[in-house]
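So you can see what is in the structure, the chains are spelled out below.
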There are 2 protein chains.
Amino acid sequence: MAQSQALSLVLLAEQFEKLPGIGKKQANRLAFHIVNMPAGQADEFVKAIQDARKLIHYCPVCQNLTDKDLCPICGNNSRDKSLICVVESPKDITAFEKSGEFSGVYHVLHGLLSPLDGVGPDDIKIKELLERVKKDEVKEIVMALDSNVSGETTSLYIARLLKPLGIRVTQLATGIPSGGAVEYTDGVTLANAFKFRNEI
Amino acid sequence: MAQSQALSLVLLAEQFEKLPGIGKKQANRLAFHIVNMPAGQADEFVKAIQDARKLIHYCPVCQNLTDKDLCPICGNNSRDKSLICVVESPKDITAFEKSGEFSGVYHVLHGLLSPLDGVGPDDIKIKELLERVKKDEVKEIVMALDSNVSGETTSLYIARLLKPLGIRVTQLATGIPSGGAVEYTDGVTLANAFKFRNEI
């Protein structure tokens, strides 16, 4: 196909194809779209990319992405600073905030421990969490990591570091998802849901 | 959600959401991906956009997109310049070239006549086609436009302009798509397929 298409169009499509969830056909369509955009709109698109790249950094407190000194959550005085929810990535914060249930603050690890992939404690933001706990008055840490081997390993590792400091460490409940059917729930989830059953 | 996310991240996601086929969730995911990219990769992406915008222009002969003086097809001496396939957009050329059946050259209209949308003959590249036909030795023009009202109106309009010049004007056959079932084919298509039936 490259033969019948302009080289810089092919190169742009290849760049789009590198993005997550974008296949060959959509990449091609997006490249055409970019080339046919009004000039102002294309400039805005490039500027949004460059601004995001230039302005966004980790919040010095919780490691969330921000373009201010502090992230919007750490900078909000009505949030409970004594309750920290530890998540893997900034996307998890978005999911939590959508639920509207959490009034504490967050800590983003930017990864999970995974010895097989060479990800050790120094590769994720564990040190920053410990420093924060020692400095601020933290009462409880909720580990809100994915329910898989890496998530559980990381939760356990951090819990062992924090318990000696007299901090309550909890984790998200595992159980049947809201709206889920018992019939189609896997055995491990059912076992956990049974173990953590509560009074009605 | 904007409250918990950095502003420039939200703005970048909004830019992605404007692109065709990209919804709110994927736009958000792409914005995160861009922010987390290694620096070199993000620069390459921006450069590909800027290069495509800067370098690509219409081929002076056929109006296809190109970043050379002539598009790769007009610049190819082994293509038959006396046979012109008229298409709506450069994407159609990609589709034709994939089929590998066509050895002539193209002419891109960049639109179809659509009086209701205010698109008249001067808004698409009809004048350029006429000039080309008068200048070069063209034997046949194949109208390869979509099989709908706008496509047929445009084909008819162009055919009426070209016939007095003694040029053969044809159009793509309509019929049952390859692999298609008669049972599920609409009446208009079936009627056309019957009308243009050919010897086996």
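For clarity, every value in this text was computed on a predicted model and none was experimentally measured. (Residues numbered from 1 in each chain as written. Chains lettered and ligands numbered in written order. Predicted model: local features only at pLDDT ≥ 70, side-chain atom pairs only at ≥ 80, totals over all residues. Heavy atoms only, no water.)

Caption draft 1: Focus on helix α5 (residues 126-135) of chain A. All names here are of chain A. Residues Ile126, Leu129, Leu130, Arg132 and Val133 constitute the buried set of α5. Across the axial projection of α5, the buried residues extend over an arc of 165°, all falling on one side. For α5, the exposed residues lying more than 90 degrees away from the buried face are Lys127, Lys134 and Lys135. (Buried < 20%, exposed > 50% of the residue type's maximum accessible area, 1.4 Å probe, protein only. Helix = DSSP H or I, 4+ residues; strand = E, 2+ residues; numbered from the N terminus. Arc of directions from axis to C-beta.)

Caption draft 2: How the structure looks around the packing of aromatic side chains. Inspection of every chain in the model, using the stated rule, returns 8 aromatic pairs over all chains. Seen from their ring centres, phenylalanine 102 of chain B and tyrosine 106 of chain B are 5.1 Å apart, and the 55° between their planes marks the pair as tilted. Three or more aromatic residues link up through ring pairs in this structure, and these residues are Phe96, Phe102 and Tyr106 of chain A. (Phe/Tyr/Trp six-rings, centres within 6.5 Å; stacked < 30°, edge-to-face > 60°.)

Caption draft 3: Inspection of the packing of α5 of chain A against helix α6 (residues 149-162) of chain A at higher detail. Residue and element names in this part refer to chain A. Taken N-terminus to C-terminus, the directions of α5 and α6 make an angle of 30°; their axes are 11 Å apart at the nearest point. Here α6 runs roughly parallel to α5, going by the angle between their axes. In this structure, α5 meets α6 at a crossing whose hand is right-handed. Here Ile126, Leu129, Leu130 and Val133 of α5 lie close against α6, whose contacting residues are Tyr157, Ile158, Leu161 and Leu162. Of the residues that constitute the contact of α5 with α6, the class distribution is 8 nonpolar, no polar and no charged. (Axes fitted to C-alpha atoms, helices over the stretch in contact; angles between N-to-C directions. Parallel < 35°, antiparallel > 145°, perpendicular 65-115°, else oblique. Left-handed = near helix turned anticlockwise from the far one by under 90°. Contact = heavy atoms within 4.5 Å. Nonpolar A, V, L, I, M, F, W, Y, C, P; charged D, E, K, R; others polar.)

Caption draft 4: Up close: the domain arrangement of chain A. Along its sequence, chain A is organised into domain 1 (7-55) and domain 2 (65-199). Here domain 1 of chain A and domain 2 of chain A have C-alpha centroids that lie 35 Å from each other. (Domains from an automatic or database assignment.)

Caption draft 5: Broad picture of the interface of chain B and chain A. Across the boundary between the two partners, chain B contributes 53 residues, which contact 53 residues of chain A. Of the roughly 4800 Å² buried where chain B meets chain A, counting both sides, 68% is carbon and sulfur surface. On inspection of chain B and its partner chain A, the count reaches 2 salt bridges. With its nearest N and O atoms 3.5 Å apart, the salt bridge here joins glutamate 44 of chain B to lysine 18 of chain A. Applying the counting criterion to the chain B and chain A interface returns 18 residue pairs in polar contact (both at pLDDT 80 or more). (Buried area = accessible area lost by both parts, 1.4 Å probe. Salt bridge = Lys/Arg side-chain N within 4 Å of Asp/Glu carboxyl O. Polar contact = N/O pair within 3.5 Å; in protein donor to acceptor, adjacent residues only side chain to side chain.)

Caption draft 6: Fine view of the environment of leucine 172 of chain A. Residue and element names in this part refer to chain A. Within the element layout of this structure, leucine 172 appears in the loop between β6 (168-171) and α7 (187-195). A C-alpha to C-alpha distance of 23 Å links leucine 172 and aspartate 136, two positions 36 residues apart in sequence. Once you skip the residues sitting within four places of it in the chain, leucine 172 turns out to touch Phe96, Val142, Met143 and Ala144.

Caption draft 7: How the structure looks around the sheet that holds strand β6 (residues 168-171) of chain B. Residues and elements named next belong to chain B. Taken in spatial order, the 4 strands of this open sheet run β4-β3-β5-β6, and their pairing is parallel. Every interior strand has two partners, whereas the edge strands, β4 (104-108) and β6, have only one. Strand-to-strand twist across the sheet, computed as the mean angle between neighbouring axes with direction ignored, equals 25°. By the bridge criterion, 4 bridges tie strand β5 (residues 140-143) to β6 in an arrangement that is parallel. Bridge assignment links methionine 143 to a residue of β6, and that residue is glutamine 171. Sitting on the sheet, helix α4 (residues 90-99) touches β3 (80-87) and β4, and the angle it makes with β4 is about 155°. (Pairing = 2+ DSSP bridges.)

Caption draft 8: View of the sheet that holds strand β5 (residues 140-143) of chain A. All names here are of chain A. The sheet built from 4 strands is open, its strands ordered β4-β3-β5-β6 with parallel pairing. Looking along the sheet, the strands with just one partner apiece sit at the ends: β4 (104-108) and β6. On average, adjacent strands in this sheet sit at an angle of 25° to one another, irrespective of strand direction. Examined bridge by bridge, strand β3 (residues 80-87) and β4 share 5 bridges and lie parallel to one another. Looking at the pairing, valine 87 lines up with valine 108 of β4. Of the strands in this sheet, β3 and β4 are in contact with helix α4 (residues 90-99), which crosses β4 at around 155°. Taken strand by strand, α6 contacts β5 and β6, and its axis lies near 165° from that of β5.

Caption draft 9: Representation of a nonpolar patch on the surface. Residues and elements named next belong to chain A. A surface patch of nonpolar side chains, amounting to about 210 Å² of accessible area, comprises Ile176, Val182 and Leu190. Looking at the element boundaries, leucine 190 is found in helix α7. Among the residues examined, leucine 190 registers a relative accessible area of 31% and is labelled partly exposed. (Patch = residues over 30% accessible without salt bridge, like charges linked within 9 Å, V, L, I, M, F, W, Y side chains within 5 Å. Areas by Shrake-Rupley, 256 points an atom, 1.4 Å probe, with all protein chains shown as cover.)

Caption draft 10: Summary view of the confidence of the model for chain A. Predicted confidence across chain A gives a mean pLDDT of 88, with 97% of residues reaching 70 or more. Of the two predicted TM-score estimates for the complex, the pTM is 0.73 and the ipTM is 0.72. (pLDDT = per-residue confidence, 0-100.)

Caption draft 11: Inspection of the environment of glutamine 15 of chain B at higher detail. Its location among the elements puts glutamine 15 of chain B in helix α1 (residues 7-17). Note: C-alpha distance between glutamine 15 of chain B and leucine 113 of chain B (98 residues apart in sequence) is 30 Å. Look past the residues within four positions of glutamine 15 of chain B in its chain and what remains in contact with it is Gln41, Glu44, Phe45 and Ala48 of chain A.

Caption draft 12: Quick peek at the relation of the copies chain B and chain A. Superposing chain B onto chain A takes a rotation of 180° combined with a translation of 0.0 Å along the rotation axis, leaving an RMSD of 0.0 Å. Such a combination of turn and shift is consistent with a two-fold rotation axis. Relative to the rotation axis, the C-alpha of valine 46 of chain B is the closest in chain B, positioned 3.1 Å from it. Comparing interface residues between copies, 100% of those in chain B also lie at the interface in chain A; the contact surface is shared. (Least-squares fit on C-alpha atoms with pLDDT ≥ 70 in both.)

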